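Examining the three-dimensional arrangement
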Amino acid sequence: MNSTYANHANKVWKEMIKDHSGEWGMDIHHWDWVPGVGVIAMLEYYEATGKPEVLAYLQEWVKHNSEKAKGTKVINSIAPYAIFPALYRITDDAWFRDEANRVAEWLIKDTPRTREDAFEHTVTENVAFAEQVWADTIFMAVLFLARTASLVGNKIYAEEALKQVLIHLRLLQDEETNVLFHGWNCGSGNHMSAARWTRANAWIAAGIPMIVKEIDQLVTIPDELKDRYGRLMSGLLAYQQEDGLWSTVMDQPHFYREVSGSAGIAYGLLKGMDLGLIPPLEETAAAVEQVVTSIVPYITEEGIVRGVSGGTPVMPTIQAYQDDISTYPTLYGQGLVLMLFAEVLREEK
């Protein structure tokens, strides 16, 4: 890999901060998971490159949008807060720390939980997924909780983050293939349409090493987590297509290739090797390089990442993931690709 990816990363980032008012997938000026993933990725990009303009943008973004966070608290609206611990460390502005603590307390004490004690996946849209556990929750809320635990040295937050990771893995991991189903319905006791949806796997593939990095000084990481994560990543590699990417439902090779999930999985492979959660094998590094190479043609000259599936609840059938979910530019698609490029750039240093 070489630093030509720096140019692609810069284009992707610059497209994210343009005015996309009115576009659900690309409008960064609201407070939800879509811009949340975007700013999480920008923080990764800043930490990999040290570009002052990226940090300045993040600070300005919080200043411009934080009033919008005062609506209903749900799992998906927690995502933007994941940058607060780092912004506190960088700026020493106590407001970031205090807000992180306040939101972490809500997660611990008040967020709706399923009968298995998992955080119920709640969203800002006017729809409820009662008793449903989604893979997305790990990235959208548990990452924030782990980062806040690390910031303030709170073992209770760290233990809760670890517990949520383990519950999600136990409920979602397919013991036959080792990859994850999109969701679990605690009421009916099943995986609903039982789709092995690629981006669901990406949220956890990327999220777990990010979480472990934050909490491993506060709690002991159990062998079960390492075993399940290792099996997950091996299972994912088995579904990588010859062109280097994953289909939107990974065990349906004739379904369209999905760039955001593929980028998130590759990021997880790099981060997992770096943290010792999976072995640093040459074939794994080669698989990641193939992903990066295969994603580049999906990036337009302006920096728009194509091939990203739209917002996706657990669909009623597996075929619906192919037929009913179109692709269009989104901040989470841009973000997952930016995270992957940032990790590549970090490793090149």
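Here the structure is shown first, and the text comes after it.
What counts, and where the lines are drawn
Residues numbered from 1 in each chain as written. Predicted model: local features only at pLDDT ≥ 70, side-chain atom pairs only at ≥ 80, totals over all residues. Heavy atoms only, no water. Helix = DSSP H or I, 4+ residues; strand = E, 2+ residues; numbered from the N terminus. Rg over C-alpha atoms; globule rule 2.2 N^0.38 Å. Buried < 20%, exposed > 50% of the residue type's maximum accessible area, 1.4 Å probe, protein only. Contact = heavy atoms within 4.5 Å. Areas by Shrake-Rupley, 256 points an atom, 1.4 Å probe, with all protein chains shown as cover. Lys, Arg positive; Asp, Glu negative; His and termini not counted. Charge placed at Lys NZ, Arg CZ, Asp CG, Glu CD. Expected span 1.5 Å × (residues − 1). Bend = angle between axes of the 7 residues up to and from the residue. Core = buried A, V, L, I, M, F, W, Y, C linked by side-chain atoms within 4.5 Å. Salt bridge = Lys/Arg side-chain N within 4 Å of Asp/Glu carboxyl O. Phe/Tyr/Trp six-rings, centres within 6.5 Å; stacked < 30°, edge-to-face > 60°. Axes fitted to C-alpha atoms, helices over the stretch in contact; angles between N-to-C directions. Parallel < 35°, antiparallel > 145°, perpendicular 65-115°, else oblique. Left-handed = near helix turned anticlockwise from the far one by under 90°. Polar contact = N/O pair within 3.5 Å; in protein donor to acceptor, adjacent residues only side chain to side chain.

Considerations on the overall build of the chain
What the chain contains, in helices and strands, is 14 helices and two strands. The globule rule puts the C-alpha radius of gyration for 349 residues at 20 Å, and the 18 Å found for the chain is close to it. Of all 349 residues assigned to the chain, the portion counted as buried reaches 62%. Counting contacts in the chain only where the partners sit at least 6 residues apart, residues at least 24 apart contribute 73% of the total. Summing over all exposed atoms, the chain offers an accessible surface of approximately 13,000 Å²; the carbon and sulfur share of this is 49%. Taking the average place of the 29 positive charges on the side chains of the chain and the average place of its 47 negative ones, the gap between the two points comes to 5 Å.

Describing helix α9 (residues 198-215)
In this model, α9 (18 residues) spans 26 Å end to end at C-alpha, consistent with the 26 Å of a helix rising 1.5 Å per residue. Within α9, the axis deviates most sharply at G207, by approximately 25 degrees, and proline P209 lies no more than four positions further along.

Quick notes on the nonpolar core
Counting residues in each nonpolar core, the largest one holds 133 residues, and the members touching the most others are F139 and L340. When residues no more than four places from it in sequence are discounted, the contact partners of F139 are V37, I40, W203, A206, G207, M210 and M339.

Some thoughts on the pattern of salt bridges
All told, the structure shown has 24 salt bridges when counted by the stated rule. Where E224 meets R228, a salt bridge forms, and the shortest distance between an N and an O atom there is 3.0 Å. With E224 and R228 both in helix α10 (residues 223-238), this residue pair falls four residues apart, about one helical turn. Residue E224 is classed as partly exposed on the basis of its relative accessible area, which comes to 27%.

Regarding the packing of aromatic side chains
On inspection of all chains with the given rule, the structure shows 18 aromatic pairs. A centroid spacing of 6.1 Å and a plane angle of 55 degrees characterise the contact between Y81 and F144, whose relative ring orientation is tilted. Here the residue Y81 occupies a position in the loop between α4 (75-78) and α5 (84-91), and F144 occupies one in helix α7 (residues 136-152), the gap between them amounting to 63 residues. Each of the two residues, Y81 as well as F144, counts as buried. A connected cluster of aromatic rings, assembled from ring pairs, spans W31, W61, Y81, F84, W95, F96 and F144.

Comments concerning unusual backbone geometry
Positioned with a positive phi, D117 is a non-glycine residue whose angle comes to about 75 degrees. In this fold, D117 is placed in the loop between α6 (94-109) and β1 (132-134). Given the relative accessible area of 29%, D117 is considered partly exposed. Positive phi values are uncommon outside glycine, yet N178 reaches one of about 75 degrees. When you line up the elements, N178 lands in the loop between α8 (155-172) and β2 (183-185).

Comments concerning the side chain of E120
Tracing the sequence through the fold places E120 in the loop between α6 and β1. Put simply, E120 is tucked away with no salt bridge, and the nearest opposite charge, on R115, sits 8.7 Å away. Beyond its immediate sequence surroundings of up to four residues, E120 is in contact with I75, P112, R113, T114, F129, A130, E131 and Q132.

Section: the environment of Q252
Mapped onto the elements, Q252 comes out in the loop between α10 and α11 (259-274). Taking relative accessible area as the criterion, Q252 reaches 19% and is therefore assigned buried. It is 13 Å that separates the C-alpha atoms of Q252 and L236, two residues lying 16 residues apart in sequence.

Some details on the packing of α5 against α6
Closest axis-to-axis distance for the α5/α6 pair is 7 Å, and the angle between their directions is 155 degrees. Judged by the angle between their axes, α5 and α6 are roughly antiparallel. At the point where α5 passes α6, the crossing takes the left-handed sense. In this structure, α5 contributes F84, L87, Y88 and T91 to the contact, and α6 contributes A94, W95, F96, R97, E99 and A100.

A word on α6
Here α6 is 16 residues long and its end C-alpha atoms lie 23 Å apart, about the 22 Å a rise of 1.5 Å per residue gives. Those residues of α6 that sit buried are F96, E99, A100, V103, A104, W106, L107 and I108. Here the buried face of α6 lies against α3 (52-65), α4, α5, α7 and α8. At the N-terminal end of α6, a side-chain oxygen is found 2.9 Å from the backbone nitrogen of W95, two or three residues along, and the residue is D93.

Comments concerning the side chain of E214
By the secondary structure assignment, E214 is in helix α9. Buried and without a salt bridge, E214 has R147 as its closest oppositely charged side chain, separated by 4.0 Å. Within the local environment of E214, its side chain forms a polar contact with the side chain of S150, the two groups lying 3.4 Å apart.

Honestly, that's just the spatial picture; any functional story needs more than this.
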